[in-house]
Amino acid sequence: MQIHIQAQGGVPIYLQVMQQIKYLVASGRLQPGDELPSIRTLAEQLIVNPNTIARAYRELETAGVVEKRRTAGTFVAEAGSPLARKERLKLLKQRVDQLLVEAFQMGFDLDEVLKLVQQSELNSQQPRKG
Amino acid sequence: MSDLVIDIKNLSRRFGDKHALQDVSLGVPRGGVFGLIGSNGAGKTTLIKHILGSHYAQSGSVSVFGFDPVAEPVRVLGRIGYMSEDRDVPGWMRVQEVIEFTKAFYPGWDSGYASQLRELFELDPKQKIRNLSRGQTARVCLLLALAHRPELLVLDEPSSGLDPVIRRDILTAIVRTTADEGRTVLFSSHLLDEIERLADRVAILHQGRIVLDQSVETILESYHRVTLRFDESFAVAPNLTGAMHSEGKGHEWTYVYSGDKEQLVESSRRLNAQIVAEAPLSLDDIFICNVQGS
Amino acid sequence: MQSIISALSWEYYARNRWMLLYLPLIANIPVICVLVPLKSISPDAAFMTSPLLIGIQMILILCMVLLACFGVLTTQGGLKRLYRLPLSTVQIASYYFCSGALLVGAQVALMLWLWKVLLPIDLPIAGPVLFSVVCWCALQPVVRGQSQSLWWIVLAVLIVIALFFWLLRNHGIPLQPGGMQTQQVHYWTVISRADWLITTVSLSLAYWLTTLRVTYDRSGRRKTSLFEKIDLAWERVQSRWNSGSRNFNSAIQAFSWCHFRSGPIAIPMLAIGSVILTWMIAGLVSIIQQDSSTLLRFAIGGTYLSTMLQVYMAFLFGILGLFGSSLARFEAPEQEPKASNSQILEVSPFMDGLPINSIDKSFAVLRSSGRATVLSSVAVILSYLLITIISFLLGNPLQSGEGIEIKSFKYLGFLTTSAMLLTYVFNNLKFSIAPSLMRIDHWIWPIIVIAVLLAFRMPLGLCLSAGLCVFALVALVYSTIQSLIDKDLSVRTASLIWLVGIAIAVGLLAVLRNEFGPVGMLLAASLVGLVMLPFFSTAAGLRQARTT
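Residues numbered from 1 in each chain as written. Chains lettered and ligands numbered in written order. Predicted model: local features only at pLDDT ≥ 70, side-chain atom pairs only at ≥ 80, totals over all residues.

Describing the overall build of chain A
Here comes step 1: Broken down by element type, chain A carries 5 helices and 3 strands.
Here comes step 2: In sequence order, the secondary structure elements of chain A are arranged as α-β-α-α-β-β-α-α.
Here comes step 3: Here the C-alpha radius of gyration of chain A, 18 Å, is well above what a compact globule of 130 residues would show, namely 14 Å.
Here comes step 4: By principal-axis analysis of the C-alpha atoms, chain A measures approximately 50 × 35 × 30 Å.
Here comes step 5: Scored against the burial criterion, the 130 residues of chain A give a buried share of 25%.
Here comes step 6: Restricting to contacts in chain A with at least 6 residues of sequence separation, those with at least 24 account for 49%. (Helix = DSSP H or I, 4+ residues; strand = E, 2+ residues; numbered from the N terminus. Rg over C-alpha atoms; globule rule 2.2 N^0.38 Å. Buried ≥ 20, exposed ≤ 12 C-beta atoms within 10 Å, placed from the backbone. Contact = placed C-beta atoms within 7 Å.)

This is the structure we're talking about:
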């Protein structure tokens, strides 16, 4: 699993792990039902305290992104579950908030932002036609 | 309360005029990684020497696994894997000889594991230790500390002077030791990114005193760097309760703040200031702040 | 050039000036202790110039010279630290060569002058000063390199021995056993042309060799010295021997092995080496001269020498062990002595971190020093045995006397036994005996006894040896009690050791009562006492060393 963490970056390590796993799930690189590496393996890979990984996994489980199956390990939760969707929504909302803050700081208003979004969508569809 | 592997109470130590340790109290719980940070000469090695029984407690008490390490060297040291700062294994011994030598002292020595580590670390058994590079010597010392699968791993500045490849070996060893149930690690380091990654708890030693002794989580959560924008311009930073360090000029002043979030909001309101920016602090900065005051 | 000299001189002075002051003063203490009482006993001037006294003074001079050299060397420190400075190699080598020679000569001159003032002896200063300068210079090529090989120490010892023979000759002492008693022994009053020649030649040679050595070291392209090549060859042989893995049955065995290899092993190596060398030389010379008695004469002399070397080496190691930290400071006086620098088992975080208690450690240490003693003594004894056998086969060619009592097995037995005992004592100097030396309460009784005996106008020799005997007894009793309190030894073991010790002492005295006067008996008893001491005091000493 391609996760990289950075110590001393200001963001707590367990949070970095959580965010990256959430991103992998949201972007589809981790499919529902995929098994996550064991706490010990991931800790060794990233060279962090296993308790940190354990905490990340715990909180991901609470958020419904992953589920722990007894004796089998930790697996990505089914996409359809309402909790998982809620998590993905939260992730997207963060991006939207970021976009809006930047836009307003640069002096654009909501209408211009919405127009930009629609235009981007059209542009991304065009190559498909061709 | 989880049982304490190391229990130090009110330990003080003088070398002539110099107070190496002053009223140090520390408890290392079982099954975690405990980091010891401090500047050079802060007393880290002295503290570790007390734990190993090389120094007797001039005042206060030291108890490891419930025993006094000075009085019971075999009981205590037999359960500890130790890597000294100097890494002073006898230079005239060969790698294989020092492994066999150390094996004789530990009943729990796992020869298979030792051979495994030796191959992993790519150590030539016939080479004399004085002909090894610094990094290889460190690997030998690490091997000797790990091979008997100790309950407590004590590492004194394990990464000092070593390249990233060997540091990785050492840190991985720490992770593996911790992952095994009930085993504890105590290590001292300057490199705070290692401490942040690996330690559950951290103690900062400064000029012989413990300045901070908390879990890493708590520390990182309770320190913030806040920038306050004031209505008036100040020549000197206005006093903010709970702030440890300040810099800035005019209307905007940045503080390193330790404590309750709500209190911060309250204090800043009282000073007629707005919180314009806020960021978490790295362990490096927290350490510097705690240590710079004196 | 001027400023370089003044800079180096300042550094010299600032670094360790107390050592320069203290050491010569300390060196005078044993001299004064030995010679001042003599002055009170016999103001007769002729007594002071008797062969025995001159012999004593000469040995004291040698010790003082060596101490002065050691002191100056330690204050100078290693040259390595200067290599990165913009100084030419010749400048570096010359400065320390010459300034050291000057300092050593000045120190010796000062000390001898003090002796002349305090004591009724008319000691000539010039000769010994010259000797000290030559000694210093001769040792320079040996000590200025960075080679790690221990063989350099051996070479230094050989050089000192060679110079000692020069000193002997100048005092008129012929090179034979019993030579010190002859009447032609005198002070070194005349510096002959031969002396000047020896001085000039050795000084130039030493200077040239030192500069060479320093140049090699500094350029970094130093070729492996001969000694290092020998070491490497020996290592290759060893690794082929030791292809099997070493298996230790217990922690004590492992610790004993480690202790043995890190120091005491040099003693049997030296003894065995010199015995072999002796026989080779003896064989060669006797073949050349076609005379079998030469074989025996050389063999005897060589074996004597081996015995002395064995004891001297043990002494050296004992002293090195005591002052090991100051040797480590020699290379880098500005740093704390790093444990990894010392070859000898000292304060070492690694060793101290091993789970072994002090009692077991003491067994290991005693075993290792016992091993060193036994191995070297066996080599010497076998050599004597061989001599006896050959002499028997050849029909006793040496019966005509010449002071070599080959038939006197008593004498040989005594020699080897005392060498063995002395070796054992010196081996255990650091942990077992030195702590006793440091305790004032161990000194009270000996001093009282010496004072009482002196008041009764007993001969000095008797007083001193009685004092030593009392010291050994006091230390022994204290340590026995302490070890029983600490439960290091069981009562049974302690009483066994006492019984055996007393039996050996009584046996020695009974066998040698005709040959020894009271002084000899007292010395023999103290020796046995000092041999028993390590059994009781080592554990406590090690315990003290481990935990500060």
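That covers the picture; the talk isn't over yet.
Some points on the overall build of chain B
Here comes step 1: Secondary structure assignment for chain B yields 10 helices and 12 strands.
Here comes step 2: Counting only C-alpha atoms and orienting by the principal axes, one finds that chain B spans roughly 75 × 40 × 40 Å.
Here comes step 3: Long-range pairs, those at least 24 residues apart, make up 69% of the contacts in chain B with a sequence separation of at least 6.

Considering the domain arrangement of chain B
Residues and elements named next belong to chain B.
Here comes step 1: According to the domain assignment, chain B contains domain 1 (4-207) and domain 2 (220-292).
Here comes step 2: At the interface, 7 residues of domain 1 touch 5 residues of domain 2.
Here comes step 3: Elements with a contribution of two residues or more to the side of domain 1 that touches domain 2: helix 7 (192-198) and strand 8 (201-206).
Here comes step 4: If one sorts the elements of the side of domain 1 that touches domain 2 by residue count, helix 7 sits on top with 3 residues. (Domains from an automatic or database assignment.)

Description of the domain arrangement of chain A
Here comes step 1: What the domain assignment lists for chain A is domain 1 (13-76) and domain 2 (82-129).
Here comes step 2: At the interface, 5 residues of domain 1 of chain A touch 5 residues of domain 2 of chain A.

Things to note about the sheet that holds strand 1 (residues 35-36) of chain A
Residue and element names in this part refer to chain A.
Here comes step 1: Ordered in space as 1-3-2, the 3 strands form an open sheet in which the pairing is antiparallel. The sheet is open, and its two borders are formed by strand 1 and strand 2 (66-69), each paired with just one other strand.
Here comes step 2: With 4 bridges connecting them, strand 2 and strand 3 (residues 73-76) associate as antiparallel partners. Along strand 3, the bridge assignment pairs Lys68 with Thr74.
Here comes step 3: Contacts from helix 3 (residues 50-62) reach strand 2 and strand 3, with the element oriented near 110° to strand 2. (Pairing = 2+ DSSP bridges. Axes fitted to C-alpha atoms, helices over the stretch in contact; angles between N-to-C directions.)

Focus on the interface of chain B and chain A
Here comes step 1: On the side of chain A, 14 residues touch chain B, which itself brings 21 residues to the contact.
Here comes step 2: Secondary structure elements with two or more residues in the side of chain B that touches chain A: helix 6 (164-179), helix 7, strand 12 (273-280) and helix 10 (283-292) of chain B.
Here comes step 3: For the side of chain B that touches chain A, the leading source of residues is helix 6 of chain B, giving 7 residues.

Let's talk about the interface of chain C and chain B
Here comes step 1: With 27 residues of chain C in contact, the opposing surface of chain B contributes 26 residues.
Here comes step 2: Every element with two or more residues in the side of chain C that touches chain B is listed here: helix 9 (251-261) and helix 12 (349-352) of chain C.
Here comes step 3: The dominant element in the side of chain C that touches chain B, judged by the number of residues it contributes, is helix 9 of chain C, at 5 residues.
Here comes step 4: Broken down by class, the residue content of the side of chain C that touches chain B amounts to 10 nonpolar, 12 polar and 5 charged. (Nonpolar A, V, L, I, M, F, W, Y, C, P; charged D, E, K, R; others polar.)

Some points on the sheet that holds strand 11 (residues 243-258) of chain B
All names here are of chain B.
Here comes step 1: Judged by pairing direction, the sheet is antiparallel, and its 3 strands sit side by side in the order 11-10-12 without closing on themselves. For this open sheet the edge positions go to strand 11 and strand 12, each flanked by a neighbour on one side alone. Adjacent strand axes in the sheet meet at a mean angle of 30°, parallel and antiparallel pairs treated alike.

A look at helix 9 (residues 261-270) of chain B
Because an α-helix completes one turn every 3.6 residues, residues spaced three or four positions apart along the sequence face the same direction.
Residues and elements named next belong to chain B.
Here comes step 1: Every buried residue of helix 9 is listed here: Leu264, Ser267 and Ser268. The arc that holds the buried residues of helix 9, viewed along the axis, is 95°, so those residues lie on one side. Exposed side of helix 9, more than 90 degrees from the buried face: Glu262, Val265, Glu266, Arg269 and Arg270 are the residues found there.
Here comes step 2: Buried-residue contacts for helix 9 involve strand 10 (223-234), strand 11 and strand 12. (Arc of directions from axis to C-beta.)

Let's talk about the packing of helix 17 (residues 460-485) of chain C against helix 19 (residues 518-546) of chain C
All names here are of chain C.
Here comes step 1: One way to put it is that helix 17 packs onto helix 19 with a least axis distance of 8 Å and a crossing angle of 25°. The orientation of helix 17 relative to helix 19 falls into the category roughly parallel. Of the two possible hands of crossing, helix 17 and helix 19 adopt the one that is left-handed.
Here comes step 2: Residue composition of the contact of helix 17 with helix 19, by class: 19 nonpolar, 9 polar and no charged. (Parallel < 35°, antiparallel > 145°, perpendicular 65-115°, else oblique. Left-handed = near helix turned anticlockwise from the far one by under 90°.)

Let's talk about the packing of helix 10 (residues 266-289) of chain C against helix 13 (residues 358-393) of chain C
Residue and element names in this part refer to chain C.
Here comes step 1: Interhelical geometry of helix 10 versus helix 13 gives an angle of 10° and a closest axis separation of 8 Å. Here helix 10 is positioned roughly parallel relative to helix 13, judged by the angle of their axes. Residues Ile267, Pro268, Ala271, Ile272 and Val275 of helix 10 lie in contact with helix 13, whose contacting residues are Ala372, Leu375, Ser376, Ala379, Val380 and Ser383.
Here comes step 2: Looking at the contact of helix 10 with helix 13, its residues break down into 9 nonpolar, 2 polar and no charged.

Side note on the nonpolar core
Here comes step 1: By size, the foremost hydrophobic cluster in this structure holds 183 residues, and its most contacted members are Val98, Val140, Leu142, Val154, Ile174 and Leu186 of chain B.
Here comes step 2: Considering every element that reaches this core, the biggest residue donor is helix 19 of chain C, with 14 residues.
Here comes step 3: Contact partners of Leu186 of chain B, with chain neighbours within four places excluded, come to Ile6, Val28, Phe34, Leu36, Leu152 and Val154 of chain B.
Here comes step 4: Counting 36 residues, the second largest nonpolar core, distinct from the first, contains Met58, Ile61, Val65 and Val134 of chain C. (Core = buried A, V, L, I, M, F, W, Y, C linked by C-beta atoms within 7 Å.)

Notes on the environment of Pro124 of chain C
Here comes step 1: Examined against the element boundaries, Pro124 of chain C turns out to sit in the loop between helix 4 (89-118) and helix 5 (126-143).
Here comes step 2: Between the alpha carbons of Pro124 of chain C and Thr189 of chain C there is a distance of 5.9 Å; along the sequence they are 65 residues apart.

Digging into the confidence of the model for chain A
Here comes step 1: Confidence in the prediction for chain A averages 84 pLDDT; 92% of positions are at 70 or higher.
Here comes step 2: When the elements of chain A are averaged for pLDDT, helix 4 (residues 82-106) of chain A gives the smallest value, 81, and helix 2 (residues 39-46) of chain A the largest, 92. (pLDDT = per-residue confidence, 0-100.)

Quick notes on the confidence of the model for chain B
Here comes step 1: When pLDDT is averaged across chain B, the result is 88; 99% of the residues are at 70 or more.
Here comes step 2: Across the interface, the model reports ipTM at 0.87; the global pTM reads 0.78.

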